[in-house]
Amino acid sequence: MNLTPASYRLRLPLSLSVTAITTAVVMALAIGLQTLKNLRDDQGRNALLLGHAMADILVQALRHDDVWLAYSLLRGPEREAPDAAWVLVDETGRVFASNRPARYRVDQPLAEALPWLPAPDPQPLGDGTEPAMAARLQALDAAAHRPAADGPDAPRRLLRLTLSSEGTPVGELIALLSDAPFLHRFHEILRGGVLVTGGS
């Protein structure tokens, strides 16, 4: 088939446009996925630091049966849109306090509040001189470890801190982390990456 100069003038710009758009989408997707990973990593580190910061007072709340102290600490200064759902569990395996009390009720069995929760691996509890914690951040990717309700508010990662005092376990602090706090920001970065890369 013979191609006329007119067909070249049509097909060449079209081919370049398709290539540019494809490149823009691929680059924006790569940037977006890396950004999402960074945001998740930051959220996990911040939750871990916060959990460690709250540990001593939460241990005291558990030992003195002070639910209000634990709730006040878990709730924090920001009452709206918390970055994580915090659940404090006592040594009997029941919910002691949470920053979402309507969802995770006081004295509710953990197996009922979080039936999908994977069993923690045995971990060292420290030297027994101060409240110590064994921490692990788990990605809830397996279907068996995901809650029935899905969506942006569904937990994607799980932080577990084993609380102990003088070498004796007194409870556990659980943080349920979702993508909801930064999903809007992620979408904005993704759209911006497409526009900037496509326009360049």
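## A short note on the confidence of the model for the chain
Detailed reading of the predicted coordinates is not advisable wherever pLDDT falls low.
Part 1 of the reasoning: Averaged over the chain, the pLDDT score is 74; the fraction of residues at 70 or greater is 64%.
Part 2 of the reasoning: A low-confidence stretch, residues 122-135 stays under pLDDT 50, and its non-local contacts, those more than four residues away or across chains, total 32 contacts.
Part 3 of the reasoning: A low-confidence stretch, residues 140-152 (pLDDT under 50), is modelled with 24 contacts involving residues beyond four sequence positions or located in other chains.

## Some remarks on the nonpolar core
Part 1 of the reasoning: Ranked by internal contacts, the top residues of the largest apolar core, which has 21 residues, are Leu 58, Leu 74, Trp 86, Leu 88, Leu 163 and Leu 173.
Part 2 of the reasoning: Contributions of two or more residues to this core are made by α1 (5-63), α2 (67-75), β1 (84-90), β2 (95-98), β4 (157-165) and β5 (168-177).
Part 3 of the reasoning: The contact partners of Leu 88, leaving out residues within four places of it in the chain, are Leu 58, Leu 62, Ala 70, Leu 74, Arg 94, Val 95, Phe 96, Ala 97, Leu 163, Glu 172 and Leu 173.

## Details of the packing of aromatic side chains
Part 1 of the reasoning: Taken as a whole and assessed by the stated rule, the structure comprises one aromatic pair.
Part 2 of the reasoning: Taking the centre distance of 5.5 Å and the plane angle of 45° together, the rings of Trp 68 and Tyr 71 count as tilted. Of this pair, Trp 68 and Tyr 71 both sit in helix α2, three residues apart, roughly one helical turn.
Part 3 of the reasoning: Classification of Trp 68 by relative accessible area gives exposed; the value is 58%.

Parameters at a glance
Residues numbered from 1 in each chain as written. Predicted model: local features only at pLDDT ≥ 70, side-chain atom pairs only at ≥ 80, totals over all residues. Heavy atoms only, no water. pLDDT = per-residue confidence, 0-100. Contact = heavy atoms within 4.5 Å. Core = buried A, V, L, I, M, F, W, Y, C linked by side-chain atoms within 4.5 Å. Buried < 20%, exposed > 50% of the residue type's maximum accessible area, 1.4 Å probe, protein only. Helix = DSSP H or I, 4+ residues; strand = E, 2+ residues; numbered from the N terminus. Phe/Tyr/Trp six-rings, centres within 6.5 Å; stacked < 30°, edge-to-face > 60°.

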